[in-house]
Amino acid sequence: MPLPKAELHLHIEGTLEPDLAFELAARNGVTLPYADTDALREAYLFADLQSFLDLYYALMAVLRTERDFEDLASAYLARAAAQGVRHAEIFFDPQAHIARGVPMETVVEGLWRALGPSAENHGVSTRLIMCFLRDESAESALATLDAAKPFLDRITAVGLDSAEVGHPPAKFREVYEAAAALGLRRVAHAGEEGPPAYITEALDVLGVERIDHGLRCMEDPALVERLVRERVPLTVCPLSNVRLRAVANLADHPLAAMLDAGLMCTVNSDDPAYFGGYAGDNLDAVGLALGLGEGRLRELARNSFLASFLEDDEGLRARYLAEVEAYEFG
Ligand code: HPA
Ligand code: ZN
């Protein structure tokens, strides 16, 4: 039995496995520029974040109907459950779909067809986090928040993703203020490829409660001290960091140093179909590469539930935390 955990950094579009991509392409009459799944997998060799994003956005062409989004999310939830995920806070990128003529309603309703019955079907509770694309305009983000207004009962938080460098958090001050006024929680990617200053800006200007990635905080000791003092959760994604070359290899990953510094880290999969593993795979691989002991692994699992947006169901959080404490390593 795998260690129970919450996944807090997971792009649903990044769970599109090659087999499902071809199945959906056939169903929707979309031609992919790859002969087969093997040829597609050969394209999974990335130089940096942008080279990944180019493929990530291109493959979204196969996602057209509510059923497509339902199938995508169902496949993820089944895989996550098998790896011990008990709670998943799932990012989606509506602008990337709306730009292709797929409306917000299709995306949210489709995802919800899988997420709604997920606790029953998979034993995984879920929340949805709507991301703004930081390489699009602030006006586009505001229009996206407006389009989401009929669906706010299904959306817990807003996030910020896509190409980081050159798109500082402050660009999105207004939409984050509007989201907060609507009762939405706030997170943002920062310090993946962008500088430590983007982490500070996300906290101070956007008012985020968690930092997604946050790796580059390690370059700024004063920032580390602040993140420790304020117990700001960082959603670290080890296999993603290797595949997108934020770190050279897993043995060089700063996660152990981050935990030693007292940072509240969690381990997540980011875009598991592209980066070689789901939540349990990430924890296993980084635990092995860095020699993390049972105490550290349990701490990471505990952090994942403590950092999750379960304020509306503290009983459930308590149950998950009890599962973590009772877990016996095999
Ligand atoms: N970083 C930024 N944006 C993203 C990512 C990521 O790792 N995955 C999907 N969108
Ligand atoms: Zn991400």
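Residues numbered from 1 in each chain as written. Chains lettered and ligands numbered in written order. Predicted model: local features only at pLDDT ≥ 70, side-chain atom pairs only at ≥ 80, totals over all residues. Heavy atoms only, no water.

Draft legend 1. Layout of the site of ligand 1. Taken together, the residues surrounding ligand 1 are His-11, Leu-49, Phe-52, Leu-53, Tyr-56, Asp-161, Ser-162, His-189, Glu-192, His-213, Asp-270 and Asp-271. The backbone of Ser-162 places a nitrogen or oxygen atom 2.8 Å from a nitrogen atom of ligand 1. One of the side-chain N or O atoms of Asp-271 is found 2.7 Å from a nitrogen atom in ligand 1. Isolated, ligand 1 exposes 260 Å² of accessible area, and the fraction of that covered by the protein chains is 100%. At four residues, helix H3 (residues 49-59) tops the list of elements feeding residues into the shell around ligand 1. Considering only residue class, the shell around ligand 1 consists of four nonpolar, four polar and four charged. (Near = heavy atom within 4 Å. Polar contact = N/O pair within 3.5 Å; in protein donor to acceptor, adjacent residues only side chain to side chain. Areas by Shrake-Rupley, 256 points an atom, 1.4 Å probe, with all protein chains shown as cover. Helix = DSSP H or I, 4+ residues; strand = E, 2+ residues; numbered from the N terminus. Nonpolar A, V, L, I, M, F, W, Y, C, P; charged D, E, K, R; others polar.)

Draft legend 2. Examining the pairing of strand S7 (residues 233-236) more closely. Neither face of S7 is left uncovered, since the one carrying Pro-233 and Thr-235 and the one carrying Leu-234 and Val-236 both have all their residues buried. Looking at chain direction, strand S6 (residues 210-213) and S7 are connected through two bridges and run parallel. Within S7, the residue paired with Ile-211 across the bridge is Leu-234. With respect to chirality, the unit in which S6 leads through helix H11 (residues 221-229) into the neighbouring parallel S7 is right-handed. Relative to strand S8 (residues 264-267), S7 is paired through four bridges, and the arrangement is parallel. Bridged to Thr-235 within S8 is Thr-266. (Buried < 20%, exposed > 50% of the residue type's maximum accessible area, 1.4 Å probe, protein only. Pairing = 2+ DSSP bridges. Right-handed = clockwise from strand over helix to strand, strands pointing away.)

Draft legend 3. Main features of the coordination of the zinc ion (ligand 2). At this site the zinc ion (ligand 2) is bound by His-9 (NE2), His-11 (NE2), His-189 (NE2) and Asp-270 (OD), with donor distances of 2.0 to 2.2 Å. Of note is the zinc ion (ligand 2), whose four donor atoms meet at the metal with angles of 82 to 173 degrees in an arrangement that counts as irregular. Going along the chain, you hit the donors of the zinc ion (ligand 2) in the pattern H-x1-H-x177-H-x80-D. Placement of the pair is His-11 in strand S1 (residues 5-11) and His-189 in strand S5 (residues 185-190), with a sequence separation of 178 residues. No difference in accessibility class separates His-11 from His-189, as the two residues are buried. (Donors = N, O, S within 2.8 Å, 3.2 Å for Na, K, Ca; no water. Tetrahedral: all angles 85-135°; square planar, octahedral: opposite > 155°, others 65-115°.)

Draft legend 4. Region of interest: the pairing of strand S3 (residues 125-133). Counted residue by residue, S3 has nine buried out of nine residues, so it is predominantly covered. By the alternation rule, side chains of S3 split into Ser-125, Arg-127, Ile-129, Cys-131 and Leu-133 and Thr-126, Leu-128, Met-130 and Phe-132, which are all buried. Both strand S2 (residues 85-92) and S3 contribute to a ladder of six bridges, which runs parallel. Of the residues in S3, the one forming a bridge with His-87 is Ser-125. Across five bridges, S3 lies against strand S4 (residues 157-161) in parallel orientation.

Draft legend 5. Local environment of the packing of helix H10 (residues 196-204) against H11. In the contact formed by H10 and H11, the axes pass within 10 Å of each other and the chain directions differ by 35 degrees. Handedness of the H10/H11 crossing: left-handed. Packed against H10, whose contacting residues are Pro-196, Ile-199, Thr-200, Leu-203 and Asp-204, the element H11 presents Leu-223, Arg-226 and Leu-227 at the interface. Tallied by class, residues from the contact of H10 with H11 come to five nonpolar, one polar and two charged. (Axes fitted to C-alpha atoms, helices over the stretch in contact; angles between N-to-C directions. Left-handed = near helix turned anticlockwise from the far one by under 90°. Contact = heavy atoms within 4.5 Å.)

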